[in-house]
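Chain by chain, the residues:
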Amino acid sequence: MSIVPSVSITETLTDNVRLSSVDKQADLITEISPGIRISSEGRRLKGYFDYSLSKIVYAQNSSPSQLQQALNTFGTLEAVDNWAYLDFSGSISQQAISAFGTQSIGNTSINANRAEVSNYRISPYVRGRLGDLASYEARYSRAVTNSDAAAGSGVTAADGVVKISGDSTFRNLGWSADASRQSIDYSTGRPTEADRLILGLSYAITPQLRVSANAGREANNYTSFDKQSYGTGGFGVNWSPSAMTTLSASRDHHSFGDTHSLNFEHRTALTAWKFTDSKGVSATPTQTGVASLAISDLLYSQYVSTEKNPVSRAQFNATLPQFGINSNDPFTFGFLTAAVSLQRRQDLSFALLGVRDTITFVATRSETSRLDTVSTGIFDDLTTSSLVRQRGFSVNYAHRLTPNYSLGVLASQQKTSGVSSLQDTTLRLINVSVSGKVGKRAAASVGVRRVVSSSSTVPYVENAITCNLNVQF
């Protein structure tokens, strides 16, 4: 087990601390963030815990000082050898309340459109064999999401799934049976439930190509007060022509429409590609740092494929800033919701890896609409716009100046639109930074950024200089 305490000090000199177009105020913002990172790769417990508490102080008294938490944790505990397990995860982050409100880079600007959102999930499960006939897995999951904003302030989701799968007398033919129950309880909306029973068949055409089909019944009250029962079915394909290329796709029919999932990954010696396209039910009001997660996933998969003894994901992410790559890229999508929604999302990420230069690119787009049209008395972005579209891209160029120092150039753009043109917003960012090690356990960075927000209601321009020192103990 590895335990690494740390403290980070960040000074930000901004010419527009309130992100205003009419009352620009300059300020010097001090952020002190003690934290601790714990990672375990033991036989029983594999996990990661990263927590920090930030004290933010404004030199010009632009706002009262504030405390912000940040948490990222996940792991698996093997409670009983090869049978009983426990998955857990948790996060605390600052997120946008409304996609149409003021969007900001970082968490220190004075922005009423930000909320602290926490999400915790625990999932015990058992899995094993039923003789030589089949394998089984029974899992229960419970997730709790809360925010300090009125919209989507609390959601509790519980899922129970039992799956049995096995082979038939035909060598390449497999079968499965799934039964699941889900309940979603919103603090500001009505509870929803969904039950599903699915029978499936799969066939391996070749060792690299497998096709599947399923059919069954589902009952839910997503679009009605009482549960309605419907027939459902779908198909899928998995193709892995080599260890460097994989493709999986599936499509399912539901009472509220079709959902799908597409995942393509390809790697070469110097490049990594990933494309995902999904459409499905979104139950919780959580958001994702699209660029940071996509780039981190992409680079780590490339690293694991080329290294004989790769380090853990947590250790790998900790080294990225030394190479001029920001693993906490501020490019985020999402907004808080108060009822079940339907979302389609497409993400494309690419990395070009050189000896001293790395180029990463992420493009994403999403469309979100209300699925639960029965709930009343709730208010979020989908109350004022039946469809919320978000799209954007992020490009990062990193150059190793010396073995210890790197130059990073980041450019990103985010666009949000609703049914009315008055809701359209565009956020553009350019950030140039130099980062590197200044001691055995210390790293520092200096950056300059310019942010331009174009909107009919919340436009602003901000220029800022940031200096950061991070010391590990």
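So, a few notes on the structure that sits alongside this text. Not measured: the values here are computed from a predicted model.

### A word on the overall build of the chain
- On a plain count of helices and strands, the chain comes out with three helices and 22 strands.
- The long-range fraction of contacts in the chain, counting pairs at least 24 apart against all pairs at least 6 apart in sequence, stands at 55%.
- Counting only carbon and sulfur atoms, one obtains 58% of the accessible surface of the chain, whose full area is about 23,400 Å².

### Things to note about the pairing of strand β1 (residues 2–14)
- By the bridge criterion, 13 bridges tie β1 to strand β2 (residues 27–41) in an arrangement that is antiparallel. Counterpart to E11 in the pairing with β2 is T30.
- Judged from the nine bridges that link them, β1 and strand β22 (residues 460–472) form a sheet pairing that is antiparallel. The partner of I9 across the bridge, within β22, is L469.

### Section: the packing of aromatic side chains
- Counted according to the given criterion, the structure contains four aromatic pairs.
- Seen in terms of ring centroids, Y48 and F74 are 5.6 Å apart; in terms of plane orientation they differ by 45°. Their pairing is tilted. Here Y48, found in strand β3 (residues 45–58), pairs with F74, found in strand β4 (residues 66–80); they are 26 residues apart in sequence, far enough to count as distant.
- On the basis of relative accessibility, which here comes to 12%, the residue Y48 falls in the buried class.
- Judged by centre distance (4.3 Å) and plane angle (50°), the rings of W273 and F350 are tilted. Here F350 lies in strand β16 (residues 341–353) and W273 lies in strand β15 (residues 271–282), a separation of 77 residues in the sequence.
- Taking relative accessible area as the criterion, F350 reaches 18% and is therefore assigned buried.
- Taking NZ or CZ as reference, R127 lies 4.6 Å from the ring centre of Y85, over its face.
- Just above the ring of Y125 sits the side chain of R139; from NZ or CZ to the centre is 3.8 Å.

### Quick look at the side chain of Q423
- The topology assignment puts Q423 in the loop between β19 (405–417) and β20 (425–437).
- Here V419 takes part through its backbone nitrogen, which lies 3.3 Å from a polar atom of the side chain of Q423.
- Apart from the residues within four sequence positions on either side, Q423 is in contact with F100, T384, S385, T416 and G418.

### Concerning the pairing of strand β8 (residues 154–167)
- Note: strand β7 (residues 134–147) against β8, 13 bridges, orientation antiparallel. Following the sheet pairing, Y140 is matched in β8 by G160.
- Bridge count for β8 against strand β9 (residues 173–186) is 13 bridges, and the pairing is antiparallel. Pairing of V161 across the sheet is with S180, part of β9.

### Some remarks on the nonpolar core
- Membership of the largest hydrophobic core is limited to eleven residues, which are V155, A157, I184, Y186, A194, Y222, F256, A283, V340, L342 and L371.
- Elements supplying a minimum of two residues to this core: β8 and β9.
- Excluding its chain neighbours within four sequence positions, the residues that come into contact with A283 are V155, I184 and Y186.
- Counting seven residues, the second largest nonpolar core, distinct from the first, contains L19, I105, L429 and Y460.

### Some thoughts on the pattern of salt bridges
- In total, this model carries 17 salt bridges according to the counting rule given.
- A salt bridge links R139 to E137; its shortest N-O distance comes to 3.4 Å.
- For R139, a relative accessible area of 21% translates into the label partly exposed.
- R370 is paired through a salt bridge with D380; the nearest N and O atoms lie 2.9 Å apart. Remark: D380 occurs in the loop between β17 (357–370) and α3 (381–384) and R370 occurs in strand β17; sequence separation between them is ten residues.

### Here's the deal with the environment of V388
- Within the element layout of this structure, V388 appears in strand β18 (residues 387–400).
- The class for V388 is buried, based on a relative accessible area of 0%.
- Taking C-alpha positions, V388 is 9.8 Å from F335, a pair spaced 53 residues apart along the chain.
- Beyond its immediate chain neighbours, meaning those up to four positions away, V388 contacts A99, F100, F335, S366, E367, T368, D381, L382, T416 and S417.

### Let's talk about the side chain of E78
- Among the structural elements, E78 can be located in strand β4.
- For the buried E78, no salt bridge exists, and the shortest N-O distance to an oppositely charged side chain is 5.1 Å, to R44.
- A distance of 2.7 Å separates a polar atom in the side chain of E78 from the backbone nitrogen of N82.

### Remarks on a nonpolar patch on the surface
- Together, L13, L28, V446, V448 and I465 line one region of the surface with nonpolar side chains, adding up to about 410 Å² of accessible area.
- You can see V448 is positioned in strand β21 (residues 442–455).
- The exposure class of V448 is partly exposed, given its relative accessible area of 46%.

Reading guide: rules and limits
Chains are numbered independently. Their residues run from 1 in the order of the written sequence. With the structure being a predicted model, the display of local features is reserved for residues of pLDDT at least 70 and the display and counting of side-chain atom pairs for 80 or more, all residues being used for whole-chain, interface and lining totals. Only hydrogens and water are set aside when side-chain values are computed; all heavy atoms of the structure are taken into account. For helices the rule is a DSSP run of H or I covering at least 4 residues; for strands it is a run of E covering at least 2, with both sets numbered from the N terminus onward. Working rule for contacts: check all heavy atoms of both residues, and any pair within 4.5 Å makes them a contact. Where accessible areas are quoted, they stem from the Shrake-Rupley method and a 1.4 Å probe; at the residue level, only the protein chains shown are allowed to cover. When DSSP finds at least two bridges between two strands, those strands are taken to pair. Two rings from Phe, Tyr or Trp (for Trp, the six-membered ring) form a pair when their centres are within 6.5 Å of each other. A pair whose planes differ by under 30 degrees is stacked, one over 60 is edge-to-face, and the rest are tilted. For every residue, the accessible area obtained with a 1.4 Å probe (protein chains only) is divided by the maximum for its type, and the residue is called buried under 20%, exposed over 50%, and partly exposed between those limits. As a reminder, the over-ring test applies to NZ of lysine and CZ of arginine, requiring each to be within 6 Å of the ring centre and within 35 degrees of the ring normal. Pairing of N or O atoms within 3.5 Å defines a polar contact, subject to two protein rules: one partner must be a possible hydrogen donor and the other a possible acceptor, and residues neighboring in sequence count only if both atoms are side-chain atoms. What makes a nonpolar core is a set of buried Ala, Val, Leu, Ile, Met, Phe, Trp, Tyr and Cys residues whose side-chain atoms join them at distances within 4.5 Å. The rule for a salt bridge is simple: a side-chain nitrogen of Lys or Arg has to be within 4 Å of a carboxyl oxygen of Asp or Glu. Just so you know, the count uses Lys and Arg for positive and Asp and Glu for negative, and it drops His and the chain ends. Each patch is built from salt-bridge-free residues with over 30% relative accessible area, joining like charges within 9 Å and nonpolar side chains (Val, Leu, Ile, Met, Phe, Trp, Tyr) within 5 Å.

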